[in-house]
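# Structural description and commentary
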Amino acid sequence: MARSAASTRGILLSVAYDGRPFAGFARQRDQRTVAGELLGALRAIDPAIREIRGASRTDAGVHARDQRVAFDTAAPLPPRGWVLATARHLPDEIVIRRAAVVRVGYSPRFESLRKRYRYLILRDLVRDPFLSRRAWRVEGLTDEAIERARAEALAAKGTHDFAAFRTSADERTTTVRTLYGVELSLDPADPRLVRIDVEGNAFLHNMVRILVGTLMDVARGHLAPGAIARALASRDRREAGITAPPDGLYLEHIHLRDDGQDPWPSGPSDGSSVDDAAPEGAPAADDAAPADDAAPADDAAPADEVGTRPGAGAGA
């Protein structure tokens, strides 16, 4: 017996993944992707699921702790059922951490109010096999160098035209974005790890990685202090620093207007206990990518841009 269309509803997921084995989030022909694995697991439960709608098209090698994904289904499973039932069909690198009920056709891309990314820098003279492709190892990061980067980051806060902090693949006409914070801190459990937390209403193609690369260039003396301010003023990509590799980039949390009903487990999708309300007067996100899977990923870079500065040699 065919299921009634009236029983169809939307389901919103919080998905975490290790991006190392995948060619990015969005589905690609003949490539292993997060969305492809996730859709396959969901269709093992409900073969009628036609598509999944992600909030951010992370690039190859980029990780996520709270990617948001929605789909429509007529299967009578509660949110708890979707979390537990899909676990047996997903690879070890992907896990659904939370599910909630939303309206049919719900798209988290258009519900996003702000996103938070974290970039991990490993300051060590030798590589750490346990952090391979999970953090960017950068030599020469003394405490003084980190302070230079912290001072440089202040210029990025606020509302600016970030045209200099995107790749040529980004053809969006509006390049003004608001960053609520760009904070550098040491991991209290491992002081070798420098955490760069970037939170904003929306992001351009590769914006976080170029921002991080610029901070590291200033920290190591490859660029003079004030590089971010100069790049913002000129809107010229050549004024900014290198594009940091994808290894250390994590999509930490996406704050949505509607986070769904009857969630399981209950609580915030990212597991935090703090109030995550958007700042008063915060503008809606304007970083939605085109609907086709060939669209550029948020913070994704072509391979030949990683670790290079226009007009300069490869970064150390």
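Residues numbered from 1 in each chain as written. Predicted model: local features only at pLDDT ≥ 70, side-chain atom pairs only at ≥ 80, totals over all residues. Heavy atoms only, no water.

Throughout the structure, instances matching the rule amount to five aromatic pairs. Between the NZ or CZ atom of Arg80 and the centre of the ring of Trp264, over which it lies, the distance is 5.5 Å. (Phe/Tyr/Trp six-rings, centres within 6.5 Å; stacked < 30°, edge-to-face > 60°. Lys NZ or Arg CZ within 6 Å of the ring centre and 35° of its normal.)

Turning to the pairing of strand S8 (residues 176–187), a few remarks are in order. Bridge count for strand S7 (residues 158–161) against S8 is four bridges, and the pairing is antiparallel. Bridge assignment links Gly158 to a residue of S8, and that residue is Leu179. Bridge analysis of S8 against strand S9 (residues 190–200) gives eight bridges, and the strand direction is antiparallel. Counted as the bridge partner of Leu186 is Val194 from S9. The loop that links S8 with its antiparallel partner S9 comprises two residues. (Pairing = 2+ DSSP bridges. Helix = DSSP H or I, 4+ residues; strand = E, 2+ residues; numbered from the N terminus.)

The omega torsion of the bond from Trp264 to Pro265 falls at -10°, within 30 degrees of zero and hence cis. Structurally, Pro265 can be placed in the segment after strand S11 (261–264). In this structure, Asp30 is a non-glycine residue whose phi angle is positive, near 65°. With respect to the helices and strands, Asp30 occurs in the loop between strand S1 (9–17) and helix H1 (34–45). Despite not being glycine, Asp262 shows a phi value in the positive range, around 55°. Position of Asp262 relative to the elements: it lies in strand S11. A residue is classified by how much of its surface remains accessible, and Asp262, at 58% relative accessible area, is exposed. (Buried < 20%, exposed > 50% of the residue type's maximum accessible area, 1.4 Å probe, protein only.)

Counting 71 residues, the largest nonpolar core has Ile121, Phe165, Ile196 and Met216 as its most contacted members. It is helix H4 (residues 207–219) that provides the largest number of residues to this core, a total of eight residues. Beyond its immediate chain neighbours, meaning those up to four positions away, Met216 contacts Ile121, Trp136, Val138, Leu141, Ala149 and Ile196. Counting residues in hydrophobic clusters, the runner-up holds six residues, among them Leu120, Leu131, Ala135 and Tyr250. (Core = buried A, V, L, I, M, F, W, Y, C linked by side-chain atoms within 4.5 Å. Contact = heavy atoms within 4.5 Å.)

A separate point is helix H3 (residues 143–153). Every buried residue of H3 is listed here: Ala145, Ile146, Ala149, Glu152 and Ala153. Projected onto a plane normal to the axis of H3, the buried residues spread over an arc of 120° and lie on a single side. Those residues of H3 that are exposed and aimed more than 90 degrees away from the buried face are Asp143 and Glu144. In this structure, the buried side of H3 is in contact with S8, S9, H4 and helix H5 (227–234). (Arc of directions from axis to C-beta.)

What follows covers the environment of Pro268. With respect to the helices and strands, Pro268 occurs in the segment after S11. A relative accessible area of 40% places Pro268 in the partly exposed class. In the structure, Pro268 is positioned 254 residues away from Ser14 in sequence and 9.8 Å away in space, judged by C-alpha atoms.

Turning our attention to H5. Those residues of H5 that sit buried are Ala227, Ile228, Ala231 and Leu232. Across the axial projection of H5, the buried residues extend over an arc of 130°, all falling on one side. Residues of H5 that are buried in the fold lie against H3, S7 and H4. One or two positions beyond H5, positive phi appears at Arg235, with a value near 60°.

Where burial is concerned, most of strand S4 (residues 94–102) is hidden: seven out of the nine residues are buried. Examined bridge by bridge, S1 and S4 share eight bridges and lie antiparallel to one another. Within the sheet, the bridge partner assigned to Ala16 lies in S4 and is Val95. Strand direction decides the pairing type here: S4 and S11, joined by two bridges, are antiparallel.

Using the criterion set out here, one finds 28 salt bridges in the structure. One salt-bridge network, held together by shared partners, links Asp66, Arg68, Arg98 and Asp259. (Salt bridge = Lys/Arg side-chain N within 4 Å of Asp/Glu carboxyl O.)

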